[in-house]
Amino acid sequence: MSAVWSAAWAAVRRRLLQTIVIGVVVCASTATIVMALGLLESAAAPFDRAFATQRGAHLAAAFDPAKTSDDQLRKAAGQTESAGPFAQSTLDTSTGEIFKGTLTVAGRADPGGPVDRLTIWEGRWATAPGEIVLNRAPGGNGRTNLGFQLTVPGRPTLTVVGFAHSVTGSADAWVTPEQVEALQPTVLQMLYRFPNAGTAAEVAEGQKSVTAGLPEGALLGTLSHLTVKDKATSELGVFIPFLLIFGVLGLVVAVLIVANVVSGAVVAGFRHIGMLKALGFTPGQVMAVYLVMVSIPAVAGCVLGTLAGNVFAKPIVQDAVEGFGVTELSFAPWVNAVALLGMPALVISAALVPAIRARRLPAAQAISAGTTAHSGRALRVQRWLSGTPLPRSVSLGLGLPFARLGRSALTLAAVVLGVMTVTLATGVTMSITAYNDAVRPSYADRVEVLAGGPPGLPVMRNPEMGEPPAAALSDADDEKMLRAVPGTAAVMAVSQLETEVAGGTQNATVLFYRGDVSALGPRVLTGHWPDGPGQVAVPSRFLNQRGLSVGDTITVQAKENRTQLKIVGVVLTNNEDQIFADWTALNVLAPGTRAHAYQVKFTPGTDRASFTAAIGKGDPGLRVLPPRDGSSSTAVIIISASVVLTLVLGAVAALGVFNTVVLNARERRRDLGMLKSIGMTPRQVTVLLSTSMGALGLVGGLVGMPVGVAVHQLLVPAMAHAGQADAVDILMDVYHAPALALLALAGVVIAVLGALVPARGAAHLSIATVLHNE
Amino acid sequence: MNNDVVVAITDLRKEYADSVALNGVSLTVRAGEAVAVMGPSGSGKSTLLNMIAGLDRPTSGSVVVHGTDLGSLDETGLALFRRRGIGMIFQFFNLLDDLSALDNVALAAQLTGTPASQARKRALELFGELGISNRRNIYPARLSGGERQRVAVARALMNRPALLLADEPTGALDSRSGEQVMDLLLDLNQIGQTLLLVTHDERLATRCASRVVEVVDGRIAREQSLERTS
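Residues numbered from 1 in each chain as written. Chains lettered and ligands numbered in written order. Predicted model: local features only at pLDDT ≥ 70, side-chain atom pairs only at ≥ 80, totals over all residues. Heavy atoms only, no water.

**Structural notes on the overall build of chain B**
Here's step 1: Along its length, chain B carries seven helices and ten strands.
Here's step 2: Here chain B holds 230 residues, and 54% of them are scored as buried.
Here's step 3: Within chain B, counting contacts between residues at least 6 apart in sequence, those at least 24 apart form 67% of the total.
Here's step 4: When the accessible surface of chain B is totalled, it reaches about 9300 Å², and 45% of it is carbon and sulfur. (Helix = DSSP H or I, 4+ residues; strand = E, 2+ residues; numbered from the N terminus. Buried < 20%, exposed > 50% of the residue type's maximum accessible area, 1.4 Å probe, protein only. Contact = heavy atoms within 4.5 Å. Areas by Shrake-Rupley, 256 points an atom, 1.4 Å probe, with all protein chains shown as cover.)

**Some words on the overall build of chain A**
Here's step 1: Along the backbone of chain A there are 26 helices and 20 strands.
Here's step 2: Within chain A, buried positions represent 55% of all 774 residues.
Here's step 3: Partitioning the contacts of chain A with sequence separation of at least 6, the portion at a separation of at least 24 is 82%.
Here's step 4: Total accessible area on chain A is roughly 31200 Å²; 61% of this is exposed by carbon and sulfur atoms.

**Structural notes on the packing of aromatic side chains**
All names here are of chain A.
Here's step 1: For the coordinates displayed, the defined rule picks out seven aromatic pairs over all chains.
Here's step 2: Taking the centre distance of 6.1 Å and the plane angle of 10° together, the rings of Tyr192 and Phe194 count as stacked.
Here's step 3: Owing to a relative accessible area of 0%, Tyr192 belongs among the buried residues under this scheme.
Here's step 4: By relative accessible area, which is 6% here, Phe194 ends up buried.
Here's step 5: Among the aromatic residues, those joined into a cluster by ring pairs are Tyr513, Trp529 and Phe580.
Here's step 6: We note Arg514 situated over the ring of Trp583; from NZ or CZ to the ring centre the distance is 4.4 Å. (Phe/Tyr/Trp six-rings, centres within 6.5 Å; stacked < 30°, edge-to-face > 60°. Lys NZ or Arg CZ within 6 Å of the ring centre and 35° of its normal.)

**As for the confidence of the model for chain A**
Here's step 1: Mean pLDDT over chain A works out to 79, with 82% of the residues at or above the 70 mark.
Here's step 2: Low pLDDT, under 50, characterises residues 457-465 of chain A; the stretch is placed with ten contacts to residues that sit more than four places away or in other chains. (pLDDT = per-residue confidence, 0-100.)

**Thoughts on the interface of chain A and chain B**
Here's step 1: Contact residues are listed per partner, giving 29 residues for chain A and 29 residues for chain B.
Here's step 2: A combined buried area of about 2800 Å² lies between chain A and chain B, and 58% of that area is made up of carbon and sulfur atoms.
Here's step 3: Taken together, chain A and chain B are joined by two salt bridges.
Here's step 4: Across the pair B:Asp97 and A:Arg670 runs a salt bridge, and its minimum N-O distance is 3.5 Å.
Here's step 5: Our count for the chain A to chain B interface comes out at twelve residue pairs in polar contact (both at pLDDT 80 or more). (Buried area = accessible area lost by both parts, 1.4 Å probe. Salt bridge = Lys/Arg side-chain N within 4 Å of Asp/Glu carboxyl O. Polar contact = N/O pair within 3.5 Å; in protein donor to acceptor, adjacent residues only side chain to side chain.)

**Some points on the environment of A:Ala597**
Residue and element names in this part refer to chain A.
Here's step 1: When you line up the elements, Ala597 lands in strand S19 (residues 597-602).
Here's step 2: Taking the relative accessible area as the measure of exposure, Ala597 reaches 11% and is therefore buried.
Here's step 3: Along the sequence, Ala597 and Ala471 sit 126 residues apart, while their C-alpha atoms lie 9.8 Å from each other.
Here's step 4: Apart from the residues within four sequence positions on either side, Ala597 is in contact with Val449, Leu450, Ala451, Met492, Ala493 and Val494.

**What about the pattern of salt bridges?**
Residue and element names in this part refer to chain A.
Here's step 1: Applying the stated criterion to the full structure yields 27 salt bridges over all chains.
Here's step 2: Among the salt bridges present, the one from Glu667 reaches Arg407, with a minimum N-O distance of 2.8 Å. In this pair, Glu667 sits in helix H20 (residues 633-667) while Arg407 sits in helix H14 (residues 405-439), placing the two residues 260 residues apart along the sequence.
Here's step 3: On the accessibility criterion, Arg407 (7% relative accessible area) is buried.
Here's step 4: Across the salt bridge formed by Asp475 and Arg514, the nearest N and O atoms sit 2.8 Å from each other. Of this pair, Asp475 sits in helix H15 (residues 475-484) while Arg514 sits in strand S13 (residues 506-515), and the two are 39 residues apart along the sequence.
Here's step 5: Overall, the relative accessible area of 19% leaves Arg514 in the buried class.
Here's step 6: A network of salt bridges, in which partner residues are shared, links Asp475, Glu479, Arg483, Arg514 and Asp516.

**Points about H15(A)**
Residue and element names in this part refer to chain A.
Here's step 1: Restricting attention to buried positions, one finds in H15 the residues Asp475, Asp478, Glu479, Met481 and Leu482. Within H15, the buried residues cover an arc of 160° as seen down the axis, which keeps them to one side. Structural note: H15 exposes Ala476, Lys480 and Ala484 on the side pointing more than 90 degrees away from its buried face. (Arc of directions from axis to C-beta.)

**Considering the sheet that holds strand S9 (residues 211-216) of chain B**
Residues and elements named next belong to chain B.
Here's step 1: Taken in spatial order, the six strands line up as S6-S7-S8-S3-S9-S10 in an open sheet, and their pairing is mixed. Edge positions in the sheet fall to strand S6 (86-89) and strand S10 (219-225), since each of these pairs with one other strand and no more. Across the sheet, the mean angle from the axis of one strand to that of its neighbour is 15°, orientation sign disregarded.
Here's step 2: As judged from the four bridges shared by strand S3 (residues 34-38) and S9, these two strands associate in the parallel manner. Across the sheet, residue Ala36 finds its bridge partner in S9, namely Val212. (Pairing = 2+ DSSP bridges. Axes fitted to C-alpha atoms, helices over the stretch in contact; angles between N-to-C directions.)

**So, the sheet that holds strand S2 (residues 19-30) of chain B**
Residue and element names in this part refer to chain B.
Here's step 1: Here four strands make up an open sheet; going across it, the order is S2-S1-S4-S5 and the pairing antiparallel. The outermost strands of the open sheet, each flanked by one partner alone, are S2 and strand S5 (68-69).
Here's step 2: Bridge analysis of strand S1 (residues 5-16) against strand S4 (residues 60-65) gives five bridges, and the strand direction is antiparallel. The partner of Val7 across the bridge, within S4, is Val65.
Here's step 3: Lying over the sheet, helix H1 (residues 45-53) contacts S1, S2 and S4, oriented at roughly 125° with respect to S1.

**As for the pairing of strand S1 (residues 59-63) of chain A**
Residues and elements named next belong to chain A.
Here's step 1: The buried fraction of S1 amounts to five of the five residues, a majority that puts the element mostly inside the structure.
Here's step 2: On S1, burial covers both faces: Leu59, Ala61 and Phe63 on one face and Ala60 and Ala62 on the other are all buried.
Here's step 3: Pairing of S1 with strand S10 (residues 219-224) involves five bridges; the strand directions are antiparallel. Bridge pairing in S10 links Ala61 to Thr222.

**Side note on the state of the cysteines**
All names here are of chain A.
Here's step 1: If you walk through the whole model with that rule in mind, you get zero disulfides over all chains.
Here's step 2: The structure places no disulfide on Cys27, whose sulfur is separated from the nearest cysteine sulfur, that of Cys302, by 9.0 Å.
Here's step 3: Owing to a relative accessible area of 21%, Cys27 belongs among the partly exposed residues under this scheme.
Here's step 4: By relative accessible area, which is 1% here, Cys302 ends up buried. (Disulfide = S-S within 2.5 Å.)

**A look at the environment of A:Val709**
Residue and element names in this part refer to chain A.
Here's step 1: Take Val709: it is sitting in helix H22 (residues 682-722).
Here's step 2: Among the residues examined, Val709 registers a relative accessible area of 19% and is labelled buried.
Here's step 3: The sequence separation of Val709 and Leu740 amounts to 31 residues, and the corresponding C-alpha distance is 9.1 Å.
Here's step 4: Setting aside anything within four residues of it in sequence, one finds Val709 in contact with Thr423, Tyr735 and Leu740.

**Side note on the packing of helix H3 (residues 101-110) of chain B against helix H5 (residues 145-157) of chain B**
Residues and elements named next belong to chain B.
Here's step 1: Across the interface, H3 lies against H5 with an axial gap of 7 Å and an inter-helix angle of 25°. Relative to H5, the element H3 is oriented roughly parallel. For H3 against H5, the interelement crossing comes out right-handed. Of the residues in H5, those in contact with Ala101, Asn104, Val105 and Ala108 of H3 are Val151, Ala154 and Arg155.
Here's step 2: Partitioning the contact of H3 with H5 into residue classes produces five nonpolar, one polar and one charged. (Parallel < 35°, antiparallel > 145°, perpendicular 65-115°, else oblique. Left-handed = near helix turned anticlockwise from the far one by under 90°. Nonpolar A, V, L, I, M, F, W, Y, C, P; charged D, E, K, R; others polar.)

**Digging into a nonpolar patch on the surface**
Residue and element names in this part refer to chain A.
Here's step 1: A contiguous nonpolar surface patch, about 550 Å² in accessible area, is contributed by Val299, Val303, Leu304, Leu307, Leu340 and Leu341.
Here's step 2: For the nonpolar patch, the elements supplying multiple residues, two or more each, are helix H9 (283-321) and helix H10 (333-360).
Here's step 3: Broken down by element, the nonpolar patch gets its largest block of residues, four residues, from H9.
Here's step 4: One can find Val303 in helix H9.
Here's step 5: Assessed through its relative accessible area of 38%, Val303 is described here as partly exposed. (Patch = residues over 30% accessible without salt bridge, like charges linked within 9 Å, V, L, I, M, F, W, Y side chains within 5 Å.)

So, in structure tokens, the structure goes:
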């Protein structure tokens with residue numbers, strides 16, 4: 001064993017507490033970084049890998065066969081890599097044995113080709129009439145298996161012979177080209193790959209080139225691979241900026257605390273350095289001792305942190321990427337490599353400056369050096385404080401940070417970051433909660449009443465719920481009855497239609513509202529609420545994922561009818577596949593359809609049970625739904641992650657304070673012993689040391705709180721953008737004066753909690769031992 | 001001499017993990033006495049001083065100072081006892097390096113709740129009595145050894161303790177400074193300050209003490225009353 005190793009190992013054992021602090025801090029920080037990097041990598045990698053393997057379509061386009069022909073489409077595509085045209089039909093399975101929504105079925109002779117090479121992961125390709133292959137991600141489960149017979153009235157019975165996966169989502173199912181003709185195709189599908197398609201502008205340019213020369217109105221709709229990717233990764237994308245910020249915070253806190261610990265170790269070890277040099281250690285060896293001393297806990301913490309990051313991040317990432325059929329998730333090697341190599345490198349970098357100081361320190365100076373620094377500023381501050389009316393233990397504590405400004409600055413920085421983390425996490429939690437309440441209200445002020453099954457959808461029978469709802473009164477009479485129930489404040493009738501939006505497999509539900517929409521309908525963010533037939537309002541995610549904007553027109557197909565709808569407004573809701581329309585539109589699309597549900601708002605103070613009973617008495621066929629659980633899995637995960645990360649980084653910051661107090665108390669053993677010898681009580685010693693950190697905590701709180709608010713204002717829009725939600729005022733305006741005041745005090749809490757244990761330990765130092773061991 | 005008992009030690013025993021520091025020590029110090037405790041290194045004399053100052057607790061036996069049984073006090077009680085009941089002088093002065101000489105002395109009074117202005121006033125009086133008024137704003141690092149010990153004495157006297165304890169008060173001083181400190185202690189005792197010294201220095205003992213107690217192997221080997229040399 002080399003002399004350097006022996007000396008370093010001895011130092012590790014002698015400074016066991018600091019060794020543990022370094023290890024824990026590095027472990028927590030590494031775990032946070034691994035989670036953040038792992039999520040970042042996993043968010044894009046499955047889609048990109050599958051897209052590259054399948055030569056996914058950069059653009060899927062739907063054309064009207066009445067206005068263009070196969071030859072025209074092939075000719076327009078020119079030299080561009082393309083597949084198709086594939087005749088495409090829509091199957092409404094709502095009256096089938098198993099409801100699979102509206103299926104987009106394309107006629108393809110084989111799964112290969114230059115674009116959208118399908119992966120058949122179970123069964124085989126459809127080669128004969130009466131056979132169908134369903135689009136399903138590998139490993140996905142469903143109620144249909146091989147051999148299942150899909151029966152739709154008026155159409156041939158189709159037997160499932162295989163499951164394939166199209167990462168582009170070019171269709172829900174495939175049959176032979178001959179078979180699709182029997183399914184009455186209404187669209188011609190073309191799939192394109194462009195030389196450059198990294199941006200929306202490049203995709204648009206490609207679209208322009210492949211549709212040039214086609215008759216006007218031939219193009220019904222398109223679906224860009226960027227939209228598909230955004231949609232596929234949007235839920236996971238919400239986490240990325242959030243976790244990256246926390247990961248970076250963890251990293252910075254770790255570096256600060258390690259720098260603090262190591263520089264403290266050098267200062268506290270002056271005599272040790274002198275002795276090493278006196279024994280014949282070269283300056284380089286002294287530096288090596290200090291670097292090895294820090295590397296031991298850093299490497300151990302890093303390995304444990306990497307393991308913890310892999311273990312804790314995986315369930316979150318697995319949930320998010322299961323849509324790609326990823327059954328066995330493992331982070332890319334670079335994630336763990338960066339953590340395992342980068343973190344110790346950072347720690348050693350932080351240790352380098354004090355280690356170089358140790359290297360340069362002359363032996364004689366090291367051996368005779370005092371243990372505390374006394375700058376002119378520190379002395380002036382102590383003199384001023386001694387004249388104040390503060391209790392002496394408090395005034396002495398307030399002056400303590402000025403004795404070692406460098407250490408105090410590092411500790412202050414850790415506290416600032418800790419408070420910033422708490423402020424940020426609190427803000428994110430409040431934003432998510434407020435947004436969730438807005439888009440998924442718990443409906444505490446209203447009841448939801450079902451009058452029957454949604455039109456066009458099969459009636460779902462649930463034995464536990466008894467008979468399905470079936471209104472006894474007419475739609476008009478039910479609304480009238482509901483308005484007459486004592487306590488009713490507003491009533492809104494709801495109906496819906498399942499539709500297909502032209503371009504790819506884009507199903508959407510059109511919700512039709514009637515009555516007190518302004519009181520009970522979704523909040524309109526831009527534009528206006530639809531006020532006539534042919535108008536719709538949509539969520540911004542609907543626009544983002546389809547590359548649309550207010551004023552654009554979309555083509556939707558409901559049952560056998562195709563119609564064009566103009567987008568007139570953007571509403572706040574989390575479901576990107578919902579379109580909102582006025583009741584007049586329903587009268588055009590499906591005349592005579594009754595409301596299948598009502599929302600009834602009651603006045604404050606109304607007893608929910610009595611109100612519900614009165615509705616049941618008015619129409620026994622109605623069913624009042626129980627109150628909703630307003631939480632979403634994404635919101636729960638983000639809020640949980642906020643809490644966990646706040647606790648981890650808050651604890652890391654408190655560990656920094658803990659370490660500083662340990663160093664201060666060790667350096668000031670003699671002073672503390674003397675103070676006790678002249679009558680300072682253990683409680684006063686605890687107050688002295690806690691005050692020294694509490695002062696830093698107060699400053700840290702006052703600095704960290706506004707910084708946290710500022711980061712929140714930058715981070716939340718990024719999260720909203722990644723999640724394709726609007727950065728509306730609900731998300732941004734969450735901090736209020738009482739909360740800010742409490743957050744500013746978080747620094748004091750972190751500092752005092754970190755200081756308390758070592759301060760109490762110092763308060764019970766043996767005076768006799770301290771004062772007589774000079 | 002006043003016959004009031006200031007310190008009454010009975011059958012004191014202090015054990016450490018692998019040794020016995022004090023073994024059945026009994027000692028009485030009366031008000032106005034100056035007692036020097038002497039003995040070789042490791043004999044137990046510093047341990048005895050720690051017990052009287054309430055800095056350490058005995059394994060058995062009792063220490064009563066001014067009628068207070070120190071064994072009955074908890075840590076806070078002992079701190080309050082040290083604050084009011086005793087003053088201590090150490091070999092290495094134990095001044096706070098980041099407080100001026102004046103603030104070091106005033107600190108002892110401030111701990112009792114005395115306002116800073118009053119504490120400084122009392123400290124200035126002591127600086128005058130000890131002849132170091134011109135050093136009041138100097139920090140310990142820039143004081144000579146003798147001056148530091150005088151500041152330490154002033155701090156010890158700040159709360160007018162009934163008992164002044166000194167642990168090798170001249171041990172870290174040159175001979176001239178040592179002489180000055182000896183004179184100071186003698187003067188204090190002559191105006192009625194009860195004094196208990198622990199020292200190796202026979203000259204200090206014979207000059208300042210009225211009685212010498214010799215401790216060997218944790219026991220009192222000899223007690224001797226002295227005629228002071230000055």
